[in-house]
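Below are the chains, spelled out letter by letter.
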Amino acid sequence: MIATAFKKRASRLSFAMGEALRGLTGETPGRRAVFLHIPKCAGSSVNLVFKRTVGSSRSGRTILIDDRIDEERYNEKIAQARTARFVGGHFGFETLEKVRGTDAFTFTVLRDPFDRVRSTFGHFHTRAKGNPLGHKVPMMTIEDYLASEDREILQWTDNVIARQLARSHDRGRVAGMGLDEMVEKAKAHLDQIDLVAFLDELPEAMALVTAAAKVPFDGRMPQENVTRRKSAKPAPEAALASLDEALKRLAYERVRGDLAVFKHALAKAGQADH
């Protein structure tokens with residue numbers, strides 16, 4: 001604990017000294033960083049890299065937004081985010097456009113859609129604190145979860161990647177948009193983001209992001225919000241294992257749009273056979 005606190009203080013001091021030096025020399029300042037956080041794509045770890053360096057949410061230099069909050073609080077967050085050094089959260093491209101301005105470096109992290117939806121089950125199935133589905137998912141099998149038509153569950157399972165990149169994290173705000181339209185919008189918007197990272201290459205991607213923002217980064221990602229480490233109980237293997245072919249067939253409609261967007265991202269990165 002003491003070592004972590006010391007490291008955080010040292011990182012923030014290094015960042016502050018760098019900012020001061022750039023101000024004295026007239027060097028171009030680092031770019032603001034805006035991170036579109038898709039659930040269970042290492043977002044908590046990304047957030048921590050910046051919070052350790054530029055400051056917590058209390059400092060005003062880091063602003064986290066969830067676009068499902070009420071309109072008044074949302075508008076307050078947007079106003080604050082336009083000058084924050086780091087903006088992250090579960091929001092969609094609509095919010096990213098409102099806060100990016102002309103100086104921000106925008107980025108997101110993607111992972112295999114089947115793995116992502118399985119990871120949401122593991123998270124909600126095992127987490128004790130801060131679990132919005134703790135009254136439902138721990139009592140469910142993974143088969144029930146993947147097939148569920150419950151609106152609370154669909155918020156986290158129903159083509160989330162395509163939804164956020166098309167418009168919003170809030171499933172209700174994309175009501176009426178067909179999946180094909182959603183996918184085409186998501187692909188077009190993905191092409192407008194400065195960096196699309198993949199989970200298995202995250203340290204390399206974060207080196208690029210932090211270089212653009214001119215914040216210290218030692219090349220190691222913190223392991224924040226990892227289900228195996230945060231589980232309140234011994235996690236059953238079904239909550240953690242990759243989906244087998246039968247479960248993938250069951251989950252397909254939940255990720256059909258996400259798969260198309262992910263394939264587009266891989267092709268754009270030259271990883272079509274990833």
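Note that the coordinates shown come from a computational prediction; the quantities given were computed from them, not determined experimentally.

**Student:** Which residues make up the side chain of Asn131, and what values go with them?
**Tutor:** By the element assignment, Asn131 lies in the loop between α5 (113–126) and α6 (142–147). Taking the relative accessible area as the measure of exposure, Asn131 reaches 13% and is therefore buried. Within the local environment of Asn131, its side chain forms a polar contact with the backbone nitrogen of Leu133, the two atoms lying 3.0 Å apart. Once residues within four sequence positions are removed from consideration, Asn131 is found in contact with His123 and Phe124.

**Student:** Summarise unusual backbone geometry; cite the residues concerned and give the values.
**Tutor:** For Lys40, which is not glycine, the phi dihedral falls at a positive 65°. Secondary-structure assignment places Lys40 in the loop between β1 (33–36) and α2 (43–54). Residue Lys40 is classed as buried on the basis of its relative accessible area, which comes to 14%.

**Student:** Account for the layout of surface pockets, naming residues and giving values.
**Tutor:** It is the rolling of a water-molecule-sized probe over the atoms that shows where space remains empty. Within this model, the second largest pocket holds a volume of roughly 200 Å³. For the second largest pocket, the lining is made up of 14 residues, of which Leu195, Val196, Ala197, Phe198 and Ala269 are closest to its centre. Secondary-structure elements contributing two or more residues to the lining of the second largest pocket are β5 (195–198), α10 (202–213) and α13 (245–268). A class-by-class count of the residues in the lining of the second largest pocket yields nine nonpolar, one polar and four charged.

**Student:** Describe the pattern of salt bridges, and please don't skip the residues or the numbers.
**Tutor:** Summed over the entire model, instances satisfying the criterion amount to 15 salt bridges. Salt bridges sharing common partners tie together Lys136, Asp150 and Glu152.

**Student:** Please provide a residue-by-residue account of the packing of helix α3 (residues 71–81) against helix α4 (residues 93–100), values included.
**Tutor:** Across the interface, α3 lies against α4 with an axial gap of 8 Å and an inter-helix angle of 45°. Considered as vectors, α3 and α4 are oriented oblique to each other. Where α3 crosses over α4, the two elements pack in a sense that is right-handed. Facing Tyr74, Ile78 and Ala81 of α3, the residues of α4 in contact are Thr95, Lys98 and Val99. Partitioning the contact of α3 with α4 into residue classes produces four nonpolar, one polar and one charged.

What counts and how
- Residues numbered from 1 in each chain as written.
- Predicted model: local features only at pLDDT ≥ 70, side-chain atom pairs only at ≥ 80, totals over all residues.
- Heavy atoms only, no water.
- Helix = DSSP H or I, 4+ residues; strand = E, 2+ residues; numbered from the N terminus.
- Buried < 20%, exposed > 50% of the residue type's maximum accessible area, 1.4 Å probe, protein only.
- Polar contact = N/O pair within 3.5 Å; in protein donor to acceptor, adjacent residues only side chain to side chain.
- Contact = heavy atoms within 4.5 Å.
- 1 Å grid on protein atoms, 1.4 Å probe; cavity = no way out; pocket = protein on both sides within 12 Å on 5 of 7 lines; lining within 4 Å.
- Points joined across faces, edges and corners; volume = space filled by probe spheres on them.
- Nonpolar A, V, L, I, M, F, W, Y, C, P; charged D, E, K, R; others polar.
- Salt bridge = Lys/Arg side-chain N within 4 Å of Asp/Glu carboxyl O.
- Axes fitted to C-alpha atoms, helices over the stretch in contact; angles between N-to-C directions.
- Parallel < 35°, antiparallel > 145°, perpendicular 65-115°, else oblique.
- Left-handed = near helix turned anticlockwise from the far one by under 90°.

Bear in mind that shape data such as this cannot, by itself, settle questions of function.
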